[in-house]
Amino acid sequence: MPAAQTVRHAELRADTAAHSVTTAFGGRFLGLPRTHLGAVRAPQPLPRGVGHWHYWWQAHYVDVLVDTGLRSRAPVAGSDPIVLAEQVVRTIRIRNGGRFTNSYFDDMAWLALAALRLDTLPGPPRGNKPRHQGLRESLGRALRSGHTPDLGGGVWWNRSRNFKNTPATAPAALFFARTGERERAQELVDWLNAELLDPGNGLYYDGVRQSAAGAVLERAHFTYNQGPALGALLELGGEANLQRAAELIRATSRRLVADGGTGPLLRTHGSGDGGLFTGILCRYLAEAAAAPTLDSDSRRTAGVLVTELADRLWKGRAVRNNLAVFPSDPRSTADEGYPPGTGAELSTQLQAWMVLEAALRVVRLEADPQAD
């Protein structure tokens, strides 16, 4: 397929995901004007935002709307994607009781990162300040409070302060690196490397728990833990960080793949919260594919991991009411995982949208290395 045609096909896939997810899941919160929130499931059994609403899923909804808005301001579900992203941020605050802070440091790190990216795009100024400066300052203070010397460093998972983990520490490190607190960011990366790096396979463990018997290592390897760690390594740069980033990409391609496909197929983690995990990884693999500071083999490996998963998710989709439904597992189909009439989860559909946006970025780079 000619390069221009390949890029156009990737654009159509990402556009389809953007339209399908925002149409099926997105809508006003309790009918309030200028609000927008993703339903946890579609068709949703409860009004949008009632019951469980998953703050961090909404943060990633903002992030993937920014992905779409960065490449096109064409409407999705009838609205500018950046307007929708702004409305989701506003609605998170409303739904969260009038504040952006909550009990989970990983949740807050994800929203802080999404808002930071959102503010790189044109939008209505608020005086002389970036649109979400207050949000970023509030969440930044919270994240700093979660970074303590206990257990050697790192960021607590939540305000119970008995578990420090990669899901909170890695995105916090990336946020600090992007907002000028590079020394703090490097401290967090160094802690991850010292305390949570598995020497046997080069991946990061989930975390370390404080107990009466002492520190207990949680040894699970999740795809989403590797993603923001990779992002922080790339953002900080320097020989040691870039070497670790290359090692992490190689470890991911060897250890976090499933059988099947024409290339290494990234594994996914089912539904619920796990339904987002591999989409998050792909965001940062696409950044690695575009990173001029990385060696060409690492960039190519990162790109192939993204495009192979995107191809499989696209092939496994179902079409219902003119909207796409994507599988949570690339080795199966949407009809197998979500039989007609059962509905689908926001997390897995956001994941597919993230992967297709990431694949578009990779395909554009392959067509024109100067495009990113």
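Labelled according to an unreviewed UniProt entry, the protein chain appears under the name Glycoside hydrolase family 76 protein, originating from Arthrobacter gandavensis.

Draft legend 1. Representation of the environment of Q133 within the structure. Within the secondary structure, Q133 sits in helix 5 (residues 133-146). In the structure, Q133 is positioned 14 residues away from D119 in sequence and 8.8 Å away in space, judged by C-alpha atoms. Among the polar contacts made by the side chain of Q133, one reaches the side chain of E137 at a distance of 2.8 Å.

Draft legend 2. Quick look at the nonpolar core. Counting 113 residues, the largest nonpolar core has V62, L230, L285, L350 and W353 as its most contacted members. Counting residues per element, this core draws most heavily on helix 4 (residues 105-118), which supplies eleven residues. Membership of the second largest hydrophobic core comes to five residues, among which are V7, A10, A14 and L360.

Draft legend 3. Just the packing of helix 7 (residues 182-196) against helix 8 (residues 223-236), in detail. At a closest axis distance of 11 Å, the pairing of helix 7 and helix 8 adopts a crossing angle of 135°. If you check the angle between helix 7 and helix 8, you find them oblique. Helix 7 and helix 8 meet at a crossing whose hand is left-handed. Of the residues in helix 8, those touching helix 7 at R182, A185, Q186 and V189 are A232, L233, E235 and L236.

Draft legend 4. Representation of the packing of aromatic side chains within the structure. Within the structure shown, the criterion is met by eleven aromatic pairs. Here the aromatic rings of W314 and F326 are separated by 6.3 Å at their centres, their planes lie at 35°, and the arrangement is tilted. Placement of the pair is W314 in helix 11 (residues 296-315) and F326 in the loop between strand 10 (323-325) and helix 12 (334-337), with a sequence separation of twelve residues. For the pair formed by W314 and F326, the shared burial category is buried.

Draft legend 5. Quick peek at unusual backbone geometry. Omega for the bond connecting A42 with P43 falls within 30 degrees of zero, at -5°, which places this linkage in the cis form. By secondary structure assignment, the location of P43 is in the loop between strand 3 (41-42) and helix 2 (55-71). We note that L151 has phi near 60°; this positive angle belongs to a residue other than glycine. Tracing the backbone shows L151 in the loop between helix 5 and strand 4 (163-165). Its relative accessible area of 22% is what places L151 among the partly exposed residues.

Draft legend 6. Looking closely at a nonpolar patch on the surface. Judged by side-chain polarity, L30, L32, V50 and I94 come together as a nonpolar surface patch covering roughly 310 Å² of accessible area. Here L30 lies in the loop between strand 1 (26-27) and strand 2 (37-38). For L30, a relative accessible area of 54% corresponds to the exposed category.

Draft legend 7. Structural view of the pattern of salt bridges. Taken as a whole, this structure holds 22 salt bridges when the rule is applied. The salt bridge partner of D67 is R283, with a shortest N-O separation of 2.8 Å. Pair noted here: D67 is in helix 2 and R283 is in helix 10 (residues 277-289), with a separation of 216 residues, a long-range link. The exposure classification of D67 matches that of R283, with both residues buried. Linking E287 and R178 is a salt bridge whose minimum nitrogen-to-oxygen distance equals 3.1 Å. Placement of E287 in helix 10 and of R178 in helix 6 (residues 166-178) is noted, with a sequence separation of 109 residues between them. Classification of E287 as buried rests on a relative accessible area of 18%. With relative accessibility at 24%, the residue R178 sits in the partly exposed group. It is possible to trace a salt-bridge network through shared partners that takes in D63, D67, R117 and R283.

Rules and cut-offs
- Residues numbered from 1 in each chain as written.
- Predicted model: local features only at pLDDT ≥ 70, side-chain atom pairs only at ≥ 80, totals over all residues.
- Heavy atoms only, no water.
- Helix = DSSP H or I, 4+ residues; strand = E, 2+ residues; numbered from the N terminus.
- Polar contact = N/O pair within 3.5 Å; in protein donor to acceptor, adjacent residues only side chain to side chain.
- Core = buried A, V, L, I, M, F, W, Y, C linked by side-chain atoms within 4.5 Å.
- Buried < 20%, exposed > 50% of the residue type's maximum accessible area, 1.4 Å probe, protein only.
- Axes fitted to C-alpha atoms, helices over the stretch in contact; angles between N-to-C directions.
- Parallel < 35°, antiparallel > 145°, perpendicular 65-115°, else oblique.
- Left-handed = near helix turned anticlockwise from the far one by under 90°.
- Contact = heavy atoms within 4.5 Å.
- Phe/Tyr/Trp six-rings, centres within 6.5 Å; stacked < 30°, edge-to-face > 60°.
- Patch = residues over 30% accessible without salt bridge, like charges linked within 9 Å, V, L, I, M, F, W, Y side chains within 5 Å.
- Areas by Shrake-Rupley, 256 points an atom, 1.4 Å probe, with all protein chains shown as cover.
- Salt bridge = Lys/Arg side-chain N within 4 Å of Asp/Glu carboxyl O.

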